[in-house]
2 protein chains.
Amino acid sequence: MKNIPDIVIHRLPIYLRALDLMARAGQDITSSQELSDRLGISSAQIRKDLSHFGEFGKQGTGYDVEFLRQQLRRILHVDRVWDMALVGAGDLGRALAHYRGFKNRGFRIAAIFDVDPEKVGKELAGIHIEHVSTVPEALPKRGIRIGIIAVPTEAAQEVADLLVRGGVQAILNYAPIRLAVPEHVRVEYIDPVIALQSMTYYLGNEGGESKTAIQPNECSS
Amino acid sequence: MKNIPDIVIHRLPIYLRALDLMARAGQDITSSQELSDRLGISSAQIRKDLSHFGEFGKQGTGYDVEFLRQQLRRILHVDRVWDMALVGAGDLGRALAHYRGFKNRGFRIAAIFDVDPEKVGKELAGIHIEHVSTVPEALPKRGIRIGIIAVPTEAAQEVADLLVRGGVQAILNYAPIRLAVPEHVRVEYIDPVIALQSMTYYLGNEGGESKTAIQPNECSS
DNA sequence: TAGATTGTTAATCGATTAACAATC
DNA sequence: TAGATTGTTAATCGATTAACAATC
């Protein structure tokens, strides 16, 4: 189990999500072909990806949904619950604090920080809001190793520095900026505009593709 | 300009974001090397990516920040403002409606829909909330070609169907589920848990990496 | 000019796919 | 058994990188 390509690691949560759904629907068995159909990833690739970690299927039958699900949870280390620190109690922080989707997938927001004295001391989703300056001391004390940045762009790097001082090893960054962090710290970025812009490339201009317009005539040369 | 690899398209918004920042900081000139340092993408790759679309730099000098920025905006079709329909006026929808980051990057939420009669008719971020059932007729009327799904998982596919009937060609989906859509419709997914799970893989278990533990002694064999 | 950096080529590297023996 | 599907190999495909002539 040495040095699995990062791109493979990034597909595992996709597989897990599909298996969660199947398990919840009461499905017992699946196959690389069925997963392929549901996910748009080739069945050969799914089998190859999984084969990095062991032999989880049975020839002629496929995969036991619950078994494979547990294996992936183990591999991804989400067969436990990770406490996370949320920094930023604005609209986005509020949405994340209330998000139901963490619960059964291995995560929980365990602490919330903000810089606004108006907010500090209040509660959000049942959690006491603390001042952001206390991040470096608070996190190690509580064994928190993951941070979420949901603050304005200008404050993001500063917050990242505080999280790093607090010993986090993984950061989920919602600010549209690349963070400078020590190389033992992982960062994943969520920027809706980046996603949108990669789609508008394909959309072309104006209503319904009127790009052919005024072309200098090359046909009658 | 035929058939640029999708992975190249997905990097262009990253370049643009960096150029936006440089432009705002008053920087006039940059180079593939500087971009490389800032983005963690090799300078050769940046030059190669850009070369798919034209020659934007000058040997010995580098790139004019503002010029390259305008070129990327043109290529990505964000030298205009795209109206978007937001479906779901819960916590996430609220955060998106208030998000300042769309404004100068080519996007605007122009309509908001929800299924809750309590919310319909009210305003959110200055926009009238309409009933989700009116999506198919409302969008074409207003020239909206992009939809954002911010509803509970169970409703996501149904909402996607309404958006498709409304003629959208791009969907940004926040629900943790893969959508079935016609192939002319593009979908990008935002699921924070997927991002988190791909980081916990690398975190290992428990506090501070105590994995070496109880190893059968191989040294004194 | 001398120094710097582009755009591009060819070589390298890595990921995906097709195919099939193994086997349930 | 016959049919199905895995795990894996080898071939293919595509993306990244190194290097450099062109040139500002």
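On a predicted model such as this, the values are computed, not experimentally measured, just so you know.

What follows concerns helix α3 (residues 43–51) of chain B. All names here are of chain B. All of the buried residues in α3 are Ser43, Ile46, Asp49 and Leu50. Angular distribution of buried residues about the axis of α3 spans 125 degrees; they occupy a single face of the element. Buried residues along α3 sit against α1 (6–24), α2 (32–39), β3 (62–64) and α4 (65–75).

Moving on: the protein's contact with DNA strand C. Gln45 of chain A together with Ser32, Arg47, Gly57 and Tyr63 of chain B are the nearest of the 25 residues found near DNA strand C. For DNA strand C, the backbone portion of the atoms within 4 Å of the protein, that is sugar and phosphate, comes to 63%. Interatomic distance of 2.9 Å between a backbone N/O atom of Phe56 of chain B and a phosphate oxygen of DNA strand C. Contributing elements (two or more residues each) for the surface near DNA strand C: α1 (6–24) and α3 (43–51) of chain A together with α3, β2 (57–58) and β3 of chain B. A total of 4 residues in the surface near DNA strand C trace back to one element, the largest contributor, which is α3 of chain A. For the surface near DNA strand C, the class distribution of residues is 5 nonpolar, 12 polar and 8 charged.

This next bit is on the relation of the copies chain A and chain B. Rotating chain A by 180 degrees about the axis while translating it 0.0 Å along that axis superimposes it on chain B, leaving an RMSD of 0.0 Å. Considering both components of the superposition, the chain copies are consistent with a two-fold axis. Of the interface residues in chain A, 98% have counterparts in chain B that sit at the interface too, so the contact is made through matching surfaces.

A word on the side chain of Asp49 of chain A. Residues and elements named next belong to chain A. Positionally, Asp49 belongs in helix α3. At a separation of 2.6 Å, a polar atom in the side chain of Asp49 contacts the side chain of Arg11. Setting aside residues up to four positions removed in sequence, Asp49 forms contacts with Val8, Arg11 and Tyr15.

Here we take up the side chain of Asp20 of chain B. In this structure, Asp20 of chain B sits in helix α1. Residues within four places of Asp20 of chain B in sequence aside, it is in contact with Arg69 and Arg105 of chain B.

Reports of interface size often rely on the accessible area that becomes lost once the parts have come together. Each partner contributes to the interface: chain A provides 64 residues, whereas chain B provides 63 residues. At the junction of chain A with chain B, the criterion picks out 6 salt bridges. The set of elements that each furnish at least two residues to the side of chain A that touches chain B consists of α1, α2 (32–39), β4 (82–87), α5 (91–98), β9 (170–173), β10 (186–189) and α8 (192–203) of chain A. Looking at which element gives the most residues to the side of chain A that touches chain B, the answer is α8 of chain A, with 12 residues.

Turning our eyes to something else, we now look at the packing of aromatic side chains. Applying the stated criterion to the full structure yields 8 aromatic pairs over all chains. Taken together, a centroid distance of 6.4 Å and an interplanar angle of 80 degrees make the contact between Phe53 of chain A and Tyr201 of chain B edge-to-face. Of this pair, Phe53 of chain A sits in the loop between α3 and β2 (57–58) while Tyr201 of chain B sits in helix α8 (residues 192–203), which puts the two residues in different chains. Judged by relative accessible area, which is 15%, Tyr201 of chain B ranks as buried. Each ring, one from Tyr201 of chain B and one from Tyr202 of chain B, has its centre 4.9 Å from the other, and the planes form 85 degrees; the classification is edge-to-face. Cluster of aromatic residues (ring-pair linked, three or more members): Phe53 of chain A together with Tyr201 and Tyr202 of chain B. One Lys or Arg, Arg186 of chain A, reaches over the ring of Tyr202 of chain B and ends 3.5 Å from the middle of that ring. One cation-aromatic arrangement involves Arg80 of chain B over Trp82 of chain B; the distance from NZ or CZ to the ring centre is 3.6 Å.

Attention shifts here to the domain arrangement of chain A. All names here are of chain A. Domains assigned within chain A are domain 1 (6–75) and domain 2 (82–197). The centre of domain 1, based on its C-alpha atoms, is set 31 Å off from the matching centre of domain 2. Listed as interface residues are 5 residues of domain 1 and, on the opposing side, 4 residues of domain 2. Together, the buried faces of domain 1 and domain 2 total about 250 Å²; carbon and sulfur atoms form 23% of this surface. Taken as a group, His10, Arg17 and Asp20 account for 69% of the area that domain 1 buries against domain 2, more than any other trio of residues on that side. At the boundary of domain 1 with domain 2, the tally comes to 0 salt bridges. Tallying contributions element by element places α1 first for the side of domain 1 that touches domain 2, with 4 residues. For the side of domain 1 that touches domain 2, a count of residues per class yields no nonpolar, 1 polar and 4 charged.

Our next topic: empty space enclosed by the protein. Considering all chains together, one arrives at 1 cavity of 30 Å³ or more under this definition. Empty space within the largest cavity amounts to approximately 30 Å³. Contributing to the lining of the largest cavity are Gln197 of chain A together with Leu16, Asp20, Arg69, Arg73, Val78, Asn104 and Arg105 of chain B. Broken down by secondary-structure element, the contributors of at least two residues to the lining of the largest cavity are α1 and α4 of chain B.

Criteria and cut-off values
Residues numbered from 1 in each chain as written. Chains lettered and ligands numbered in written order. Predicted model: local features only at pLDDT ≥ 70, side-chain atom pairs only at ≥ 80, totals over all residues. Heavy atoms only, no water. Buried < 20%, exposed > 50% of the residue type's maximum accessible area, 1.4 Å probe, protein only. Helix = DSSP H or I, 4+ residues; strand = E, 2+ residues; numbered from the N terminus. Arc of directions from axis to C-beta. Contact = heavy atoms within 4.5 Å. Near = heavy atom within 4 Å. Polar contact = N/O pair within 3.5 Å; in protein donor to acceptor, adjacent residues only side chain to side chain. Nonpolar A, V, L, I, M, F, W, Y, C, P; charged D, E, K, R; others polar. Least-squares fit on C-alpha atoms with pLDDT ≥ 70 in both. Salt bridge = Lys/Arg side-chain N within 4 Å of Asp/Glu carboxyl O. Phe/Tyr/Trp six-rings, centres within 6.5 Å; stacked < 30°, edge-to-face > 60°. Lys NZ or Arg CZ within 6 Å of the ring centre and 35° of its normal. Domains from an automatic or database assignment. Buried area = accessible area lost by both parts, 1.4 Å probe. 1 Å grid on protein atoms, 1.4 Å probe; cavity = no way out; pocket = protein on both sides within 12 Å on 5 of 7 lines; lining within 4 Å. Points joined across faces, edges and corners; volume = space filled by probe spheres on them.

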